[in-house]
Amino acid sequence: MFRSKSRFTGPGTALGRFQRGLERPLTPYYLILGSSALILVLGLVMVFSASQIEARTLGLSFTFFFTKQLTAVVLGSGLMYVAARLPVRLHRALAYPLLIAVLGLLLLVAVPGVGKAVNGNQNWISLGGSFQIQPSEFAKLALVLWGADLLARKQQMKMLDQWKHLLIPLVPMAVLLLTLVLAGGDMGTAMIICALMFGLLWISGAPMRLFGGAAAVALGFSTLLIALVPHRLGRIQCIGATSVPSDGSCWQAVQGVYALAGGGLTGRGLGASVEKWGQLPEPHTDFIFAVTGEELGLLGTLSVLALFAALGYAGIRVAGRTRDPFIRYAAGGATTWIMAQAMINIGAVLGLLPIAGVPLPMFSYGGSALLPTMFAVGMLLCFARSEPAARAALAARSKRTRKNALGRLIGLPQRTIARLGKARQRRER
């Protein structure tokens, strides 16, 4: 029995090597970078495929939505690079200015002539032409940074063991953001802000009775909001629907299920979706996962889920291994945000959750959602690099790279470079 166990879990087995790989200091950094890059690339491909018919229906060029998304990815990549290179103290310094700016933009949304309604929700600000911004998307990033800074300072002052310091002013500020977001009718973003608030409370070690009480209040308030608006109640009733009722409700939910079912194991092929030809509403935004399942099949959707799982694992590991309380709260909050939004979107497409109107992070079309998410990913990269072991590994790798580059420049073979390096190490000892 012992031999059988060591055969599969010993240090020389594939599983043992995989476990050692996960324990390396730079593993979270490369997982975050690699999974995010693959999600972005695959998302661009699917936006191009899913948006062509929608664009032609609106009288636009085939590449209209793809070009805008590519522009957003380029801008977001710059933001991600900047966030990855910023020192942790500057991330903390952004907390209050960003929160004040977001509150101001959320108030501007309600101003007639400034705010713009899209699909019945008054939560956009027009920037001229076809460009517009959704301030509620940036509210998530603002709450992550501000909440992390607040809780970190209270932990350093040993105040988190008192419930009033744990809840105030974190919960009132989250409620203010929720009120401003819900004033525009954006229930989906409000759900994510709630999940983010509970994530911060969970990471800060809130007792279960306090956590349960806050959850009960949020559930009761959500039930009231759903009951007061008929179309929200209709979305709840569409959970698990597999056929369109006679009144035409649940059309989008059912067509999303049809798209996934039509893809089978390997899909119809890239660009060969049938549902995007007018049957499935929002094929390039909220329901892009359904088009992915139809064109790339079960294997394609599982690949997307695996990429998000890798990103989530890396974010949790960054939050769990750091000694800096701000990094722990910010990394945990950002991971909660991205994973909760992905679960809400995918759950709605699968018919397991009500349709909330939230995009799949870094995958769906939409620059307003993409830019703050990519900044959050860059922030996670910054935190992953800031660990002492990760910094030492990056420094050693950079040193080896410079040596190899110098050797190649002067024409030395790799074996000679290796021997010189070993000789130098012996002399240093």
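Conventions we followed
Residues numbered from 1 in each chain as written. Predicted model: local features only at pLDDT ≥ 70, side-chain atom pairs only at ≥ 80, totals over all residues. Heavy atoms only, no water. Disulfide = S-S within 2.5 Å. Helix = DSSP H or I, 4+ residues; strand = E, 2+ residues; numbered from the N terminus. Contact = heavy atoms within 4.5 Å. Phe/Tyr/Trp six-rings, centres within 6.5 Å; stacked < 30°, edge-to-face > 60°. Lys NZ or Arg CZ within 6 Å of the ring centre and 35° of its normal.

Peer 1: Help me understand the state of the cysteines, please; the structure alone is not making it clear to me.
Peer 2: Here a disulfide denotes one covalent bond, and it connects the sulfur atoms of two cysteines. According to the stated counting rule, one finds one disulfide in the structure shown. The disulfide partner of Cys-238 is Cys-250, and the S-S distance across this bridge is 2.0 Å. On the S-S bond that ties Cys-238 to Cys-250, the torsion sits near -90°, and the link is left-handed. Of this pair, Cys-238 sits in the loop between α12 (230-237) and α13 (251-263) while Cys-250 sits in the loop between α12 and α13, and the two are 12 residues apart along the sequence.

Peer 1: Got a minute to help me understand the environment of Trp-202 in this structure?
Peer 2: Examined against the element boundaries, Trp-202 turns out to sit in helix α10 (residues 187-203). The contacts of Trp-202, once residues within four sequence positions are left out, are Met-208 and Phe-211.

Peer 1: What exactly am I supposed to notice about the packing of aromatic side chains here?
Peer 2: Aromatic ring pairs are described here by two measures, namely the spacing of the ring centres and the angle between the planes. The tally for this structure, following the rule as stated, stands at six aromatic pairs. When the centroid spacing of 5.2 Å and the interplanar angle of 70° are considered together, the rings of Phe-48 and Phe-66 count as edge-to-face. Here Phe-66 lies in helix α4 (residues 64-85) and Phe-48 lies in helix α3 (residues 27-57), a separation of 18 residues in the sequence. With a centroid separation of 6.1 Å and 85° between ring planes, the pair formed by Phe-326 and Phe-383 is classed as edge-to-face. In this pair, Phe-326 is assigned in helix α15 (residues 325-349) and Phe-383 in helix α16 (residues 367-386), connecting sequence segments 57 residues apart. Among the aromatic side chains, those forming a connected cluster through ring pairs are Phe-64, Phe-65 and Tyr-365. Note that Arg-328 overlies the ring of Tyr-329, its terminal NZ or CZ placed 5.4 Å from the centroid.

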